[in-house]
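Residue-level structure breakdown
The residues making up each chain are set out below.
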Amino acid sequence: MDPNLLPHTVTEQVRTLATVLALVREDRARTRPELGRQSGLARNVVADRVDQLIHAGLLAEGELGASTGGRAPRELRFRADAGYVLVAEIGATVCGVGIADLSGQLVSTLEAPVDVKDGPVPTLEYVSSLLDGLLGDISTESIWGVGIGLPGPVEWMTGRPVAPPIMPGWDGFDVRGFFASRYRCAVWVDNDVNAMATGEAQAGVAQGHQDVIYVKVGTGIGSGLFSRGQIHRGAQGAAGDIGHLALGAKKNVVCRCGNTGCLEALAGGGALVRDAQAAAQDPRSTYLRREHQAGRPLDVNLIVEAAMFGDPVALEMLSGSAMAVGEALAGMVNIFNPSMIVIGGSVGRSLDMYLAAIRRAVLDRSLPLATSSLQIVTSPLGDRAGMIGLAYTVIDELLSPEALSMWLERGTPTGLPQLTA
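Criteria and cut-off values
Residues numbered from 1 in each chain as written. Predicted model: local features only at pLDDT ≥ 70, side-chain atom pairs only at ≥ 80, totals over all residues. Heavy atoms only, no water. pLDDT = per-residue confidence, 0-100. Contact = heavy atoms within 4.5 Å. 1 Å grid on protein atoms, 1.4 Å probe; cavity = no way out; pocket = protein on both sides within 12 Å on 5 of 7 lines; lining within 4 Å. Points joined across faces, edges and corners; volume = space filled by probe spheres on them. Helix = DSSP H or I, 4+ residues; strand = E, 2+ residues; numbered from the N terminus. Nonpolar A, V, L, I, M, F, W, Y, C, P; charged D, E, K, R; others polar. Pairing = 2+ DSSP bridges. Axes fitted to C-alpha atoms, helices over the stretch in contact; angles between N-to-C directions. Disulfide = S-S within 2.5 Å. Buried < 20%, exposed > 50% of the residue type's maximum accessible area, 1.4 Å probe, protein only. Phe/Tyr/Trp six-rings, centres within 6.5 Å; stacked < 30°, edge-to-face > 60°.

Here we take up the confidence of the model for the chain. The predicted model of the chain averages 92 in pLDDT, with 94% of residues at 70 or higher. A low-confidence stretch, residues 1-7 (pLDDT under 50), is modelled with 14 contacts involving residues beyond four sequence positions or located in other chains.

Next up on the list: the layout of surface pockets. Each pocket or cavity is described by its volume, and for the second largest pocket that value is around 960 Å³. Lining the second largest pocket are 34 residues, with Arg25, Glu26, Gln202, Tyr392 and Asp396 sitting closest to its centre. The set of elements that each furnish at least two residues to the lining of the second largest pocket consists of helix H1 (12-25), helix H6 (192-203), strand S12 (230-232) and helix H14 (385-398). Per-element tally for the lining of the second largest pocket: the top contributor is H1, with 7 residues. Across the lining of the second largest pocket, the residue classes break down as 15 nonpolar, 12 polar and 7 charged.

Sheets are built from strands that pair by backbone hydrogen bonding, the pairs being arranged parallel or antiparallel. Reading across the sheet, the 5 strands line up as S5-S4-S3-S6-S9 and stay open at both edges, with mixed pairing between neighbours. A single partner strand is all that each edge strand has here, and the edge strands are strand S5 (106-113) and strand S9 (186-191). Going across the sheet, the axis of each strand differs from the next one's by a mean of 15°, ignoring polarity. Note that strand S3 (residues 84-90) and strand S4 (residues 94-101) share 7 bridges and pair antiparallel. Bridge pairing links Val87 to Gly98 in S4.

This paragraph deals with the state of the cysteines. All chains considered together, the criterion is met by 0 disulfides. Here Cys185 stays unpaired: no disulfide links it, and the sulfur of Cys95, its closest cysteine neighbor, is 17 Å away. A disulfide-free cysteine, Cys262 has its sulfur positioned 3.7 Å from the sulfur of Cys257, the nearest such atom. Under the relative-accessibility criterion, Cys262 is labelled buried at 2%.

The full count for this structure, using the stated rule, is 5 aromatic pairs. Ring plane angle 65° and centroid distance 5.1 Å describe the contact between Trp144 and Trp407, whose orientation is recorded as edge-to-face. Of this pair, Trp144 sits in strand S6 (residues 143-150) while Trp407 sits in helix H15 (residues 401-407), placing them 263 residues apart in sequence. In this pair, the class of Trp144 matches that of Trp407, namely buried. Measuring from ring centre to ring centre gives 4.6 Å for Tyr287 and Phe309, while their planes differ by 5°; the resulting arrangement is stacked. Of this pair, Tyr287 sits in helix H9 (residues 287-293) while Phe309 is found in the loop between helix H10 (300-308) and helix H11 (312-336), placing the two residues 22 residues apart along the sequence. For Tyr287, a relative accessible area of 10% translates into the label buried.

The next point concerns the sheet that holds S12. Ordered in space as S12-S11-S10-S13-S14, the 5 strands form an open sheet in which the pairing is mixed. Each edge of the open sheet is held by one strand with a lone partner, namely S12 and strand S14 (375-378). Strand-to-strand, the axes of this sheet are offset by a mean angle of 25°, without reference to chain direction. Pairing of strand S10 (residues 212-217) with strand S13 (residues 340-344) involves 5 bridges; the strand directions are parallel.

What follows concerns the pairing of S13. Regular strands place their side chains on alternate faces of the sheet. Across the 5 residues that make up S13, a large majority, 5, are buried. Alternating positions in S13 separate into two faces, Met340, Val342 and Gly344 on one and Ile341 and Ile343 on the other, with burial throughout. One ladder, built from 4 bridges, connects S13 with S14; its direction is parallel. In the strand pairing of S14, Val342 is matched with Val377.

Structure, rendered in structure tokens:
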């Protein structure tokens, strides 16, 4: 248990309050009679809980609903404008920040370059300044929580990165405490790919699926797992680290984590850029070699662009990356048996052929039963998936029975220490 958590007791009253709130918030019930049918609670209990939630500013009454023979019931709506959450998805070289209302809708966003190698304090000071710039007329008293995504392993209970390979100086840094002291509210910190998986499951192509693998293929490679409708972080928050699965080929290639033969070291965007120097000298190359000789830097964007123009060497590079990712995913499919795999990241969403190669590798190497209804698709949310997922993570925590029991009577969670983790 996090020592910053307040002691609390979740009563049956609070649990039923959370149930009623969730039904309206998720649009599964719009009237008091519907709430009674969906929750199984007595009519007087539903009426009392609705009144409490209206008084707390979380629900509001709207128009009259359809009549079923008697008096038309008054519809209820969730007050998404009751508060806001701040989110920041910090990547290795780019940071996306945003403000979301309590429905998870992003109302303002901004993207800016960042370099996590600068260390935690300069990086987070910069991210905080970006968030402050977005606030505008929104008062800090309206900020109910903060969600931060990091490009490395994060211990969920403490919000601290643990030995992140691409983040020198970040090991054990109190990211949660950094933002809690600035915004006087609870903060949740997660791995960036877990946030992306949550975004797709809550508001993207994976809605309605209970078991999902989200894979980000960018500079590095990582995955987030949704199991039985919930993000699966594992015992310490390290679940889904597909980028450091060891593949059989090229065991002499050293990964940033210090091991050899990792998927990320063989197939990630960083690996493609590393190998691009030799690829640009290949006489078979058409576009890539010409553009490099003209002075363009060898980066992922140029490799993808060359493949789009039919450069055989660039196509081979991306195809090899996709096949390696597909081989690793096949093992996960056999173990986890998801109904959907979502591919994201700058490399993963680059070309249709990349997705096709992943599909081919997964189907070739997975058990027929595990792939009989498996869908493998690209992320429709793209760069927004992580920020959306962070918003939902914070909101779900704030409106959980455990958190509601600690702040509902005082009217707002602002100013309280960490609520749940």
